Amino acid sequence: MITLNHYLLLSAILFCIGLYGALSKKNAIAILISIELMLNAVNVNLVAITKFLTPGDITGQIFALFVIVVAACEVALGLAIVVAIYRDRSTVEVENLDWLKW
Amino acid sequence: MDLQVIAFWIIAFVTLGSALAVVYLTNIVHSALALIMTFLGIASLYLTLHADFLAAVQVLVYAGAVSILIVFGIMLITRGEGRMCETNTFGKYKYTAFVVIAALFGVISYFIIITPWQVTNGIVAEENMGTIGEVLFNNFVIPFELAAILLTVAMIGAIVIAREVKNLK
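Just so it is clear, the structure is predicted and the values come from calculations on it, not from any experiment.

Thresholds applied
The written sequence of each chain sets the order in which its residues are numbered from 1. To read the labels, note that chains go from A and ligands from 1, taken in the order they are written. Thresholds applied to this predicted model are a pLDDT of at least 70 for local features of residues and 80 or more for the giving and counting of side-chain atom pairs; totals over whole chains, interfaces and linings are not thresholded and use all residues. Water and hydrogen atoms were dropped before computing side-chain values, which therefore reflect all heavy atoms in the structure. For helices, the fitted axis covers only the stretch in contact; all axes are lines through C-alpha atoms, and the angles between them, taken along N-to-C directions, range from 0 to 180 degrees. The way it works is that DSSP assigns letters per residue, a run of H or I at least four long becomes a helix, a run of E at least two long becomes a strand, and they are numbered from the N terminus. Under this scheme an angle from 65 to 115 degrees is roughly perpendicular, one under 35 degrees roughly parallel, and one over 145 degrees roughly antiparallel; angles in between are oblique. Residue contacts follow a heavy-atom distance rule, with two residues in contact if any of their heavy atoms lie within 4.5 Å. Residues are grouped as follows: Ala, Val, Leu, Ile, Met, Phe, Trp, Tyr, Cys and Pro are nonpolar; Asp, Glu, Lys and Arg are charged; all remaining types, including Gly, are polar. Throughout, buried area stands for the accessible area (probe radius 1.4 Å) lost by two parts on being put together, summed over both. Should a side-chain nitrogen of Lys or Arg be within 4 Å of a carboxyl oxygen of Asp or Glu, the pair is scored as a salt bridge. Note on terminology: a nonpolar core comprises buried Ala, Val, Leu, Ile, Met, Phe, Trp, Tyr and Cys residues joined through side-chain atoms within 4.5 Å. Using a 1.4 Å probe on the protein chains alone, a residue whose accessible area is under 20% of its type maximum counts as buried, one over 50% counts as exposed, and one in between counts as partly exposed.

A.B. asks: Would you mind showing me how to read the packing of helix α2 (residues 28-52) of chain A against helix α2 (residues 28-48) of chain B here?
C.D. replies: Two numbers describe a pair of packed helices, the interaxial angle and the distance between the axes. Direction vectors running N to C along α2 of chain A and α2 of chain B enclose 5°, while the axes themselves pass 11 Å from each other. Considering their axes alone, α2 of chain A and α2 of chain B lie roughly parallel with respect to each other. Listed contacts from α2 of chain B to Ile29, Ala30, Ile33, Glu36, Leu37, Asn40, Asn43, Val44, Val47 and Lys51 of chain A of α2 of chain A are Ile28, Leu35, Thr38, Phe39, Ile42, Leu45, Tyr46 and Thr48 of chain B. Residues belonging to the contact of α2 of chain A with α2 of chain B are distributed by class as follows: twelve nonpolar, four polar and two charged.

Here it is, written out as structure tokens:
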């Protein structure tokens, strides 16, 4: 029998994998990809809680839809910023982006 | 064993395996391909949760649009000097990050397990696309319209930011 805990632990593992990528990668696009993984893990949480805790209510799925919208905006703007940075600096490795450091 | 249990474990292993591949592969194009596999795995996870509409949206938006956008971004900024296999390496915080996420996973899983979830054994309607439409246009109509405005603003902003800058000299 698959319970709610299975889904929540699965999405916790997925979130942690995404956070590991976001903290440890050098390439800015790899960091964006990892953030997408984290947002997907949150969506799995919302849908699983809708199924198991409030089955008659559909609010969790609606929230997952809004999260998908915001994630699409985030990846479009993030890639635009990465492309602009690449045009200026010819690199996207985050350890080289140090304008604010002196 | 129940068919649903087998399906869950297969989907879980495929999703987590490809998510690990996203992080651990050192060629960023391979990471993007593994990312598409992860998105498809999550879409099938939605199917096991009776969220048909969200599964379709996941395939359309994530596996279709977002991954194409990411592949385009990789194409624009990766001037491969013949070294594509080193485009996605780890930075200097590799081990620190591992300690942080191990601690975070410990905390999250501890609280998931000790929380007494009040599981109700109702059944989600198989055909909930109509319900989603009704709720979206009755209770959540203002967030829905705001999402449309947000998408427009993000699109214009992305064009403005990524546009070729005129040389000022």
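A.B. asks: How should the interface of chain A and chain B be read in this particular structure?
C.D. replies: When the parts of a complex come together, some accessible area is lost, and that lost area is often taken as the interface size. Counting residues at the interface gives 65 residues for chain A and 80 residues for chain B. Carbon and sulfur atoms make up 79% of the surface buried where chain A meets chain B, a total of about 6700 Å² over both sides. Here chain A and chain B share zero salt bridges between them. Residue assignment for the side of chain A that touches chain B shows that the elements contributing at least two residues are α1 (4-24), α2 and α3 (59-89) of chain A. A total of 23 residues in the side of chain A that touches chain B trace back to one element, the largest contributor, which is α3 of chain A. Looking at the side of chain A that touches chain B residue by residue, the classes come out as 49 nonpolar, ten polar and six charged.

A.B. asks: What is the right way to read the nonpolar core from this model?
C.D. replies: Soluble, globular proteins show a tendency: their nonpolar side chains are buried together. Residues Tyr7, Ile29 and Ile62 of chain A together with Tyr46, Leu54 and Ile70 of chain B are the most contacted members of the largest nonpolar core, which totals 75 residues. Where this core is concerned, the elements lending two or more residues are α1, α2 and α3 of chain A together with α1 (3-24), α2, α3 (52-77), α4 (94-114) and α5 (129-138) of chain B. Per-element tally for this core: the top contributor is α2 of chain A, with 13 residues. Once residues within four sequence positions are removed from consideration, Ile62 of chain A is found in contact with Ile132, Val135, Leu136 and Phe140 of chain B.

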